[in-house]
Amino acid sequence: MIIKENMILRWQDSDQTVRILHVNWLANIAYVINRSEKCKHWPHAVRIEALLEKAIEETTEEVIYKSENLTEAEREYHERAVQVVKRVLEAVEHKEQLFISQYRAKIVQEVAQEFGVTPTTVKKYLLTFWKRGQHFGVLVPNFKKCGGKDKERRAGESKRGRPRSDGKIGINVDDRVKKIFKTALNRYYYGLKNLCLKDVYELMLKDFFSDTILTAEEEEIKVLQDKRPTIYQFRYWFKKENSVKKEVSKRLGEEVYQQRYRPITGNATQDAGLGPATLWQVDSTIFDVYLVSSLNRNLVIGRPILYVVVDIFSHLIVGIHVSLDNFNSYSGVMMALFNSMTSKQKFCQKYGVNIRSEEWDVACIPQRILADRGELNNTLIESAIENLGITIQNNPPYRPDYKGHVEKMFDMIKSSIDSVVDGVFDSKTENQRSTRKDWRLEANLTVQEFTKIVIQSVIHYNNHHVLSNYVLTKEMLEAGVQKIPRRIWEYGINNQKGVLRTLHEDVVKFYLFPSAEAVVTPKGVMYKNMAYVSDFCYEHNWFGEARTKGHWKVKIWYDPTDLGQIYILHNEKPQRLYLAEYFDHFNEKTIHEIEQTMKEVKKQEKHDKEVEQKERINLINDIEKIVNQARKEAKKQQSISKNQRLQAMKENREQEKKVQRSFMENNQAIEKEMDDELDLFRKLRK
């Protein structure tokens, strides 16, 4: 058993489980915390030998905490808890100081005073953060488990707060007044005029809390209402609801915010020397090769984009993703990060590549991620990564040298692929396309096959590529470390200060996977015109209720590289849904392949309907000819009355049967005569 940060262990002689928070290999100790919610004790140190002898790894299902759809009170609690915990983590030079009481007590006291809370509150936030997995999403409160659920609470008629010194009663700030506050701020404060709060408050009183009256000279003047909010109430709610990002971006410009106020930014890689998983780098490139659809190889689907995550310390490729999304898309970056934090054996088996665990043994959470100003320049990406407890660092502009080794790695993979595969775009011959065969028509690789090639290239790079420009330290030289990414990674794990941190795969999945809305119908949970089912849906009678009560929407998470399954959250537990049997041919297909196929099906269906419409017009025309001829014949023979036409209908029917029978017999006789003539002709010919 390899001891890793965030691992959950259970003592062999009890049901007590602990989470590993930090490992000090030099002192041969690990700091652990009791995961029981009732336990209020701080983390304590345990010798690593004791853990290896008396504890076993526990594979428990982690609870998923999402900060979406929170109430106002829950969001306020969560944001305050995150700020407090971040402040505590930033206050120490080294993480281990938080587990030593003489350092921790002083920091907790200072942070409590800074935020105006008690040390007990700071301790509660820290214990929750450590027990539940050391990512900020776990600080979401469980208010729904407290008090009377679904009971509406409203303020009474009496004024809340201490009485005013001027004897006036004032008003309560209810939802209506809050809405007026927001309107006034958006109208006057969040703008380029840079008005102060006092000016905005006065303009708000003029617009919403004043009446217009006529003077004796018939002039209109504004008179303030008696019941109006005070400047102190306005300032209080401004501080409570204000967003620093919105304030700076609207008043000073987005560029100023990104340059001066954007949180957790950096532009250096000096901390990568701590060891593996200290700093990762994400980058992407468009490959000059055209691919085809795995559902129909006649369809060319364009060029793929390769996203790569690299460990700065060892130059090891820790994660990849082949995408057909737009360049620097959300899903492309997220899927590459998800791949870097989860099992590689399972990932490789999906594409038919069998590897030994040691060939690509990376499944952990980094401390920091370095990226271009494009890959992670997205609010959704920032939020997802931050909730995992990862810091984002962006390259400074006009400094491509910060990503030099990643660019070289791309060149190496491209050179090994472009020289072999078909359908490669050649810029040198692009202007002479008319003189040669179109290179796009030579495409024959699917996304899955191209990904398999990339995987094998990455395995070769990690295990055999020599990093000629890598500078080995004195300790590495003494240990005889080879300049190969995997060997440097293994040395770093065993000898450097850094320690690997893990999270349950479901937690990573629900933070990084893109989400969408699906519809629950009697046929299944419909997404992209495909039906999904599961035992969970049948147990809760979803499809029966959809048939009797009507459809409803449900939020889902999905893997863009495999729409054979989607995920939902129910009571903070993940549930997996699978494609219905009659959609099995879409299993393990990417979202782009499915969309392309659906598009072609609709295109063909539209064409067939046009043909059907044309043929139906011809059909109607032929029917009209028959009907017109029948009308002419009927008009010639209509010499009897209406009553005579309707009499003896049964006898007329029998007579017509005899006529039709005679007609059929004559036809059969004619056919037999023709066959006999043909037989006679054959005999004469012989």
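Everything numeric in this text was worked out from a predicted model, so none of it was measured. (Residues numbered from 1 in each chain as written. Predicted model: local features only at pLDDT ≥ 70, side-chain atom pairs only at ≥ 80, totals over all residues. Heavy atoms only, no water.)

*Asks:* I keep staring at the overall build of the chain and nothing clicks. Help me out?
*Replies:* Within the chain, the secondary structure is distributed over 22 helices and 20 strands. Relative to its full complement of 686 residues, the chain shows a buried share of 42%. Long-range pairs, those at least 24 residues apart, make up 63% of the contacts in the chain with a sequence separation of at least 6. Just so you have it, the chain exposes about 40900 Å², and 49% of that area is on carbon and sulfur atoms. (Helix = DSSP H or I, 4+ residues; strand = E, 2+ residues; numbered from the N terminus. Buried < 20%, exposed > 50% of the residue type's maximum accessible area, 1.4 Å probe, protein only. Contact = heavy atoms within 4.5 Å. Areas by Shrake-Rupley, 256 points an atom, 1.4 Å probe, with all protein chains shown as cover.)

*Asks:* What is the right way to look at helix α7 (residues 231–241) in this model?
*Replies:* Two residues of an α-helix separated by three or four positions point the same way, owing to the 3.6 residues in each turn. Among the residues making up α7, those that are buried are Ile-231, Gln-233, Phe-234, Trp-237 and Phe-238. Projected onto a plane normal to the axis of α7, the buried residues spread over an arc of 160 degrees and lie on a single side. Exposed side of α7, more than 90 degrees from the buried face: Tyr-232 and Lys-239 are the residues found there. (Arc of directions from axis to C-beta.)

*Asks:* What is the right way to read the pattern of salt bridges from this model?
*Replies:* Proximity of charged atoms lets side chains of opposite charge pair with each other. Under the counting rule described, the total for this entry stands at 23 salt bridges. A salt bridge links Glu-654 to Lys-657, with the shortest nitrogen-to-oxygen separation between them at 3.7 Å. Of this pair, Glu-654 and Lys-657 both sit in helix α22 (residues 649–685), three residues apart, roughly one helical turn. Taking the relative accessible area as the measure of exposure, Glu-654 reaches 39% and is therefore partly exposed. (Salt bridge = Lys/Arg side-chain N within 4 Å of Asp/Glu carboxyl O.)

*Asks:* Whenever I open this one, the packing of aromatic side chains confuses me. Can you help?
*Replies:* Geometry of an aromatic ring pair is reported as the spacing of the ring centres plus the angle between the planes. The final tally for this structure, using the stated rule, is 21 aromatic pairs. Aromatic side chains Tyr-201 and Phe-234 sit 5.8 Å apart centroid to centroid with 40 degrees between the ring planes, which places their arrangement in the tilted category. Here Tyr-201 is found in helix α6 (residues 197–208), whereas its partner Phe-234 is found in helix α7, with 33 residues between them in sequence. Just as Tyr-201 is buried, Phe-234 falls in that class too. Aromatic pair Trp-542 and Trp-552: ring centres 6.0 Å apart, planes at 75 degrees, arrangement edge-to-face. In this pair, Trp-542 is assigned in helix α19 (residues 542–549) and Trp-552 in strand β18 (residues 552–559), connecting sequence segments 10 residues apart. Across the ring face of Phe-136, the terminal group of Lys-86 is positioned such that the distance to the ring centre comes to 5.4 Å. The ring of Phe-287 carries Lys-414 above its face, with NZ or CZ at 5.7 Å from the centroid. (Phe/Tyr/Trp six-rings, centres within 6.5 Å; stacked < 30°, edge-to-face > 60°. Lys NZ or Arg CZ within 6 Å of the ring centre and 35° of its normal.)

*Asks:* When you look at unusual backbone geometry in this model, what are you seeing that I'm missing?
*Replies:* Trans peptide bonds make up the majority, and among non-glycine residues the majority have a negative phi. Phi at Asn-6 takes a positive value of approximately 85 degrees, unusual for a residue other than glycine. Summarising the element assignment, Asn-6 is placed in the segment before β1 (8–11). Take Asn-6: its relative accessible area is 4%, and that puts it in the buried class.

*Asks:* Please explain the sheet that holds strand β3 (residues 29–34) as it appears in this structure.
*Replies:* Where strands meet in a sheet, backbone hydrogen bonds hold them as pairs that are either parallel or antiparallel. A sheet is described by the order of its strands in space; here five strands give the open sequence β4-β3-β2-β1-β5, paired in antiparallel fashion. Looking along the sheet, the strands with just one partner apiece sit at the ends: β4 (44–47) and β5 (55–57). Between one strand axis and the next, the sheet turns through 45 degrees on average, direction left out of account. The strands that helix α4 (residues 119–131) touches are β2 (17–24) and β3; relative to β3, the one it contacts most, it runs at about 110 degrees. (Pairing = 2+ DSSP bridges. Axes fitted to C-alpha atoms, helices over the stretch in contact; angles between N-to-C directions.)

*Asks:* Before we go on, may I ask you to explain the pairing of β18 in this structure?
*Replies:* In regular strands, side chains alternate between the two faces of the sheet. By the bridge criterion, six bridges tie strand β15 (residues 515–521) to β18 in an arrangement that is antiparallel. Bridge pairing in β18 places Ala-518 opposite Val-554. By the bridge criterion, three bridges tie β18 to strand β19 (residues 562–570) in an arrangement that is antiparallel. Bridging from a neighbouring strand, Tyr-558 pairs with Ile-566 of β19.

*Asks:* Which parts of the structure should I look at to understand the sheet that holds strand β16 (residues 524–527)?
*Replies:* Judged by pairing direction, the barrel is antiparallel, and its six strands sit side by side in the order β15-β16-β17-β20-β19-β18 before closing back on the first. Across this sheet, the average inter-strand angle for adjacent strands is 45 degrees, counted without regard to direction. Alignment of β16 against strand β17 (residues 530–533), held across three bridges, turns out to be antiparallel. Its bridge partner being in β17, Met-526 is matched across the sheet by Ala-531. Packed on one face of the sheet, helix α17 (residues 505–512) meets β18, β19 and β20 (573–579) and runs near 100 degrees to β19.

*Asks:* Looking at this structure, I do not really get the packing of α6 against α7. What am I missing?
*Replies:* In helix packing, the relevant descriptors are the interaxial angle and the interaxial distance, both defined with respect to the helix axes. Look at α6 against α7: their axes get within 10 Å of each other, and the N-to-C directions meet at 115 degrees. Where α6 crosses over α7, the handedness of that crossing is right-handed. The residues of α7 that touch α6, namely those facing Leu-197, Lys-198, Val-200, Tyr-201 and Met-204, are Ile-231, Phe-234, Arg-235 and Phe-238. The residue makeup of the contact of α6 with α7, split by class, is seven nonpolar, no polar and two charged. (Left-handed = near helix turned anticlockwise from the far one by under 90°. Nonpolar A, V, L, I, M, F, W, Y, C, P; charged D, E, K, R; others polar.)

*Asks:* Could you clarify how one ought to interpret the environment of Val-406 in this entry?
*Replies:* Position of Val-406 relative to the elements: it lies in helix α13 (residues 404–418). Considering only alpha carbons, one finds Val-406 and Ile-312, 94 residues apart in sequence, at a separation of 9.3 Å.

*Asks:* Which parts of the structure should I look at to understand the nonpolar core?
*Replies:* Soluble globular proteins tend to bury their nonpolar side chains together. By size, the foremost hydrophobic cluster in this structure holds 76 residues, and its most contacted members are Ile-317, Ile-320, Leu-337, Met-341, Trp-360, Met-409 and Leu-512. Not counting chain neighbours up to four residues away, the residues in contact with Met-341 comprise Trp-280, Ala-363, Cys-364, Ile-365, Pro-366, Leu-388, Ile-390, Val-508 and Leu-512. By size, the runner-up hydrophobic cluster in this structure holds 28 residues, among which are Val-525, Tyr-558, Ile-568 and Phe-583. (Core = buried A, V, L, I, M, F, W, Y, C linked by side-chain atoms within 4.5 Å.)

*Asks:* Help me understand the pairing of β3 in this model?
*Replies:* Buried residues dominate β3, accounting for six of its six residues. Of the two faces of β3, the one carrying Ile-29, Tyr-31 and Ile-33 and the one carrying Ala-30, Val-32 and Asn-34 are both buried. Pairing analysis gives six bridges linking β2 to β3, with the strands arranged antiparallel. Each bridged residue has a counterpart across the sheet, and for Arg-19 the counterpart in β3 is Ile-33.

*Asks:* Explanation requested: helix α5 (residues 175–189) in the structure shown.
*Replies:* Over its 15 residues, α5 runs 20 Å from end to end, which matches the ideal 21 Å to within 8%, given 1.5 Å per residue. Listed as buried for α5 are Val-177, Lys-178, Ile-180, Phe-181, Ala-184, Leu-185, Tyr-188 and Tyr-189. All buried residues of α5 fall inside an arc of 155 degrees around its axis, so they share one side. Every exposed residue of α5 that faces more than 90 degrees away from the buried side is listed here: Asp-175, Arg-176 and Lys-179. Capping the start of α5, Asp-174 holds a side-chain oxygen 3.3 Å from the backbone nitrogen of Arg-176, two or three residues further along. (Expected span 1.5 Å × (residues − 1). Polar contact = N/O pair within 3.5 Å; in protein donor to acceptor, adjacent residues only side chain to side chain.)

*Asks:* Would you mind showing me how to read the confidence of the model for the chain here?
*Replies:* Reading predicted coordinates in detail is not appropriate for stretches of low pLDDT. Per-chain confidence: the chain averages 80 in pLDDT, with 84% of residues scoring 70 or above. Scored below 50 in pLDDT, residues 264–271 shows 20 contacts in the model against residues more than four places distant or in partner chains. The model gives residues 431–435 a pLDDT under 50, and that stretch makes three contacts with residues more than four places away or in other chains. (pLDDT = per-residue confidence, 0-100.)

*Asks:* Got a minute to help me understand the side chain of Gln-565 in this structure?
*Replies:* Here Gln-565 is to be found in strand β19. Reaching out from Gln-565, the side chain makes a polar contact with the side chain of Tyr-567 at a distance of 3.3 Å. Ignoring sequence-local partners within four residues, the contact set of Gln-565 consists of Tyr-532, Arg-576, Leu-577 and Tyr-578.

*Asks:* Which parts of the structure should I look at to understand the environment of Lys-182?
*Replies:* With respect to the helices and strands, Lys-182 occurs in helix α5. Take Lys-182: its relative accessible area is 49%, and that puts it in the partly exposed class. A sequence separation of 55 residues divides Lys-182 from Trp-237, and the C-alpha atoms of the two residues are 9.4 Å apart.

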